[in-house]
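# Structure assessment
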Amino acid sequence: MAGVPEPAILPGAEPFDLDGGGGDGAGVLLVHGFTGSPQSMRPWGDHLAAAGLRVSCPRLPGHGTRWQDMTTTTWQDWYGAADAAFGRLSASCDRVFVMGLSMGATLTLRLAEEHGDKVAGAVTVNASLGTDRRTAALAPLLWRILPTVPGVANDIRDPAATEVGYSRVPTRAFASLRELWAVTLADLGRVVCPVLAYRSVTDHVVEPTSGRLLLAGLTSAPAEERLLHYSYHVATLDHDKETIFKGSIDFVAATPGPAGSGQPEPRPGRHA
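Everything quoted here is computed from the prediction, not taken from an experiment.

## Things to note about the packing of aromatic side chains
One pass over the full model with this rule turns up four aromatic pairs. Considering the side-chain rings of phenylalanine 34 and tryptophan 78, the 5.8 Å spacing of their centres and the 70° angle between planes classify their relative orientation as edge-to-face. Here phenylalanine 34 is found in the loop between strand 2 (26–31) and helix 1 (42–50), whereas its partner tryptophan 78 is found in helix 2 (residues 75–92), with 44 residues between them in sequence. Just as phenylalanine 34 is buried, tryptophan 78 falls in that class too. Positioned over the ring face of phenylalanine 16 is arginine 42, at 4.8 Å from the centre of the ring.

## Thoughts on the nonpolar core
By size, the foremost hydrophobic cluster in this structure holds 43 residues, and its most contacted members are Leu29, Phe34, Trp78, Met103, Leu107, Leu177 and Leu214. Contributions of two or more residues to this core are made by strand 2, helix 2, strand 4 (95–101), helix 3 (103–115), strand 5 (119–125), helix 5 (171–186), strand 8 (195–200) and helix 6 (208–217). A per-element tally of this core places helix 2 first, with eight residues. Once residues within four sequence positions are removed from consideration, tryptophan 78 is found in contact with Phe34, Leu60, Pro61, His63, Met70, Thr73, Met103, Leu107, Ala173, Ser176 and Leu177. Grouped together as the second largest cluster of nonpolar side chains are 30 residues, Leu53, Met99, Ala120 and Ala161 included.

## Observations concerning the side chain of aspartate 155
Structurally, the position occupied by aspartate 155 is in the loop between strand 6 (148–150) and strand 7 (168–170). Judged by its relative accessible area of 11%, aspartate 155 falls in the buried class.

## Considerations on the environment of valine 183
Mapped onto the elements of the fold, valine 183 is located in helix 5. Accessibility expressed as a relative area gives 28% for valine 183, which makes it partly exposed. Between the C-alpha atoms of valine 183 and arginine 110, which are 73 residues apart in sequence, the distance is 8.3 Å. For valine 183, the contacting residues outside a window of four places in its chain are Trp75, Arg110 and Glu113.

## Overview of the sheet that holds strand 8
Here we have seven strands laid out as an open sheet, ordered 1-3-2-4-5-8-9, and mixed in their pairing. Both edges of this open sheet fall to strand 1 (16–19) and strand 9 (223–228), since each of them pairs with a single strand only. Here the average twist between neighbouring strands, direction ignored, is 15°. Examined bridge by bridge, strand 5 and strand 8 share four bridges and lie parallel to one another. The residue of strand 8 that forms the bridge with valine 125 is tyrosine 198.

Calculation notes
- In this numbering scheme, every chain counts its residues from 1 along its sequence in written order.
- It should be noted that, the model being predicted, local features are given only for residues of pLDDT at least 70 and side-chain atom pairs only at 80 or more, the latter also being counted only at that level, while totals for whole chains, interfaces and linings use all residues.
- With hydrogens and water excluded, all non-hydrogen atoms of the structure serve as input to the side-chain values.
- Pairing of aromatic side chains requires ring centres within 6.5 Å, counting the rings of Phe and Tyr and the six-membered ring of Trp. Pairs whose planes differ by under 30 degrees are stacked, by over 60 edge-to-face, and all others tilted.
- Numbering of helices and strands runs from the N terminus, with a helix taken as a DSSP run of H or I at least four residues long and a strand as a DSSP run of E at least two residues long.
- Relative accessibility thresholds used throughout: buried, under 20% of the residue-type maximum; exposed, over 50%; partly exposed, between the two (1.4 Å probe, protein chains only).
- Whether a charge sits over a ring comes down to the Lys NZ or Arg CZ being within 6 Å of the ring centre and within 35 degrees of the ring normal.
- What makes a nonpolar core is a set of buried Ala, Val, Leu, Ile, Met, Phe, Trp, Tyr and Cys residues whose side-chain atoms join them at distances within 4.5 Å.
- Here a residue-residue contact requires only that any non-hydrogen atoms of the pair lie within 4.5 Å.
- A pair of strands counts as paired when DSSP detects no fewer than two bridges linking them.
- Working convention: axes come from line fits to C-alpha atoms, limited for helices to the stretch in contact. Angles between N-to-C directions cover 0 to 180 degrees.

Have a look at this one:
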C-alpha cells in the first residue's frame, strides 16, 4: 500500500546471498524456522560458502521484523518465498541442495516433493512435522480469542548463543503451520533425493515424533538420521553446529551430480 513504510528488519535477520566462488556449479538454499530469521542460518551459510558453494537464505514473509507481521501470512507465503529462491539458484547452478531448520526443514522437504530430481539433496535439522501437544489441534478455533502464545525461539543449550526470533507465536500462523505439516507428510513418498536428517536428542520445541514420521515417510529416498547430543532445538547455533556444517559439506561432496560427473554414490543408511 502506498505510503505505508516497510517493517524494520531486526538486526541480523536480513536475508543473505553468498558466492563461494568454487566454480563447481553447486548451490545451497538455506531456510530458517518458524518465528525465526536468517540469523540462525548465517554461520552455516558462511561455512558452506567457504567450501566453495553458492548460498542463498531468504527471509520468509512475516519473519525477522515483529510478530504482528506474521498474523496475515500463511504456509503458502513462506513456501512461495523458498520456492522463488530455489528457482533463482537453479537458474545459475547445475545442482541445488536444500537445507533447513525446523519449519525451514519442512519447507525444504516440500520443495523436494514438488521438484523431484531437480533437488540434488536435502539436509534437515530438527524438522517439524507434527506435535504431541493435544491443544495444538485447537489453534484454528482459538486464534480469534487467543491471538498469541509464548514464543519458541532461543531453545539453545549454549549460553553464549542467541537466536533472533519472536517472543510470541501468532496462533493463526501456527494453525497454518499445521496445514503445512499435513500436506508435507502426505507427500513424503514423493521425495527421491538423498536426505540427511539431524535430530537433537533434547529438543524443547519439536518432539521425537517428527523424526519418526520423517524416516517412516521417506519411502522412495535414501535417508540417514544423525543424532545431536549436545544441542537443543536451534542446533545451527548450538554446540553441535560444527558437526552439522561439516556433515552437510561432506553430504554435498558425496552426492552424485549430473550424469558423467564421476562423483561417488552416497552410502545409504538410517541411523548414525
